[in-house]
Amino acid sequence: MSRILQLEALLEEDPESTFALFAIAREYQNGGIWAKARSYYESLLLIDPEYTGAHYHLGKLYETVDEPELAREIYDQGIEMATRLGQAHQLRELREARVLLGN
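A brief look at the structure comes next. (Residues numbered from 1 in each chain as written. Predicted model: local features only at pLDDT ≥ 70, side-chain atom pairs only at ≥ 80, totals over all residues. Heavy atoms only, no water.)

Across its full length, the protein chain holds six helices and zero strands. In sequence order, the secondary structure elements of the protein chain are arranged as α-α-α-α-α-α. For the protein chain, whose C-alpha radius of gyration is 14 Å, the value lies close to the compact-globule estimate of 13 Å for 103 residues. Relative to its 103 residues, the protein chain shows a buried fraction of 37%. Averaging the locations of the 10 positively and 18 negatively charged side chains of the protein chain gives two centres separated by 7 Å. (Helix = DSSP H or I, 4+ residues; strand = E, 2+ residues; numbered from the N terminus. Rg over C-alpha atoms; globule rule 2.2 N^0.38 Å. Buried < 20%, exposed > 50% of the residue type's maximum accessible area, 1.4 Å probe, protein only. Lys, Arg positive; Asp, Glu negative; His and termini not counted. Charge placed at Lys NZ, Arg CZ, Asp CG, Glu CD.)

Another point: a negative patch on the surface. A surface patch of like charges, here negative, comprises Glu12, Glu13, Asp14 and Glu16. Relative to the assigned elements, Glu13 resides in helix H1 (residues 3-13). (Patch = residues over 30% accessible without salt bridge, like charges linked within 9 Å, V, L, I, M, F, W, Y side chains within 5 Å. Areas by Shrake-Rupley, 256 points an atom, 1.4 Å probe, with all protein chains shown as cover. Salt bridge = Lys/Arg side-chain N within 4 Å of Asp/Glu carboxyl O.)

This paragraph deals with unusual backbone geometry. In this model, Asp66 sits at a positive phi of 60°, which is unusual for a non-glycine residue. Among the structural elements, Asp66 can be located in the loop between helix H4 (52-64) and helix H5 (68-85). Classification of Asp66 as exposed rests on a relative accessible area of 63%.

A word on the packing of aromatic side chains. Enumeration according to the criterion identifies three aromatic pairs in this entry. One aromatic cluster is present, built from ring pairs that chain together Phe22, Tyr41 and Tyr51. (Phe/Tyr/Trp six-rings, centres within 6.5 Å; stacked < 30°, edge-to-face > 60°.)

To continue, consider helix H6 (residues 88-101). The first and last C-alpha atoms of H6 sit 20 Å apart over 14 residues, in line with the 20 Å expected at 1.5 Å per residue. Buried within H6 are the following residues: Leu91, Leu94, Ala97, Arg98 and Leu101. Down the axis of H6, the smallest arc covering the buried residues is 135°, so these residues share one side. Away from the buried face of H6 by more than 90 degrees, exposed residues Arg92, Glu96, Val99 and Leu100 are located. For H6, the elements touching its buried residues are H4 and H5. Positive backbone phi, approximately 80°, marks Gly102, located one or two places after H6. (Expected span 1.5 Å × (residues − 1). Arc of directions from axis to C-beta. Contact = heavy atoms within 4.5 Å.)

Note that every value here comes from positions in space, so none of it alone points to a role or purpose.
Right, here's the structure in full:
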């Protein structure tokens, strides 16, 4: 059974599993299936807006599909969230991505 099928089975058991949503999104992103990856990341952030790892990876996806405005917005949201939650590592990654993206 493929990894995505296994993860989708987990998601079927628990439709709000942030682990499964994130892992499926990463699998699709790694496979270059941008629309599906985007959908899973966006669903994840609706369920758990504090999942700062999703902000970073969704921002990278937005950059890949040439949507820099959306990337800036999601990085800024992630920076705000990581700051509020005291997540130093995530904050550093998000700030770096935001700086590299520019204005």
